[in-house]
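# Architecture at a glance
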Amino acid sequence: LNNAQPAVGYDTDDYEYGLALTATGPEVFCWHSAGGQPTGIIKDVKLAITKTATGLLYEAVFPWETFKPLTPEPGKIFGYTILINDADKSRSRHWLEWTAGIGGYKNPADFGKLIFLK
């Protein structure tokens, strides 16, 4: 029986982006990037955040260049997950993840798999 835990942390081809409504407006931030790509505030992503009657609506368009070296080729499989974070200043942090691998720990092996079809 092998009880070894998988390695935790990002690889050199992983990205972690955050989208937020900040005091200066909508902002995209890259915490981890692949192969020397920029981190910090990312200006190449189009982000709109709209207040609705029930909350906030986030709409983002990421150019393919923001995911280098990933290329959209039919049959290519890549790991992906999304986390919705509620971290109001006056409350404790809560989140909802599609799959594990971001919120409680960083481990891309726990991400879901997406496949390019066309």
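Coordinates for the structure precede this section.
The rules behind these values
Residues numbered from 1 in each chain as written. Predicted model: local features only at pLDDT ≥ 70, side-chain atom pairs only at ≥ 80, totals over all residues. Heavy atoms only, no water. Salt bridge = Lys/Arg side-chain N within 4 Å of Asp/Glu carboxyl O. Helix = DSSP H or I, 4+ residues; strand = E, 2+ residues; numbered from the N terminus. Buried < 20%, exposed > 50% of the residue type's maximum accessible area, 1.4 Å probe, protein only. Pairing = 2+ DSSP bridges.

It is worth spelling out the pattern of salt bridges at this point. In the structure shown here, the tally under the stated rule is one salt bridge. Among the salt bridges present, the one from K106 reaches E16, with a minimum N-O distance of 3.2 Å. Taken together, the positions of K106 in the loop between β8 (94-97) and β9 (112-115) and E16 in strand β1 (residues 16-22) put the pair 90 residues apart, joining distant regions of the chain. The exposure class assigned to E16 is buried, which follows from its relative accessible area of 13%.

A word on the sheet that holds strand β2 (residues 25-32). With antiparallel pairing, three strands are arranged side by side in an open sheet as β1-β2-β3. Since the sheet does not close on itself, it has two edges, and those belong to β1 and β3 (40-41), each with one partner. Pairing analysis gives seven bridges linking β1 to β2, with the strands arranged antiparallel. Its bridge partner lying in β2, L19 is registered against V28.

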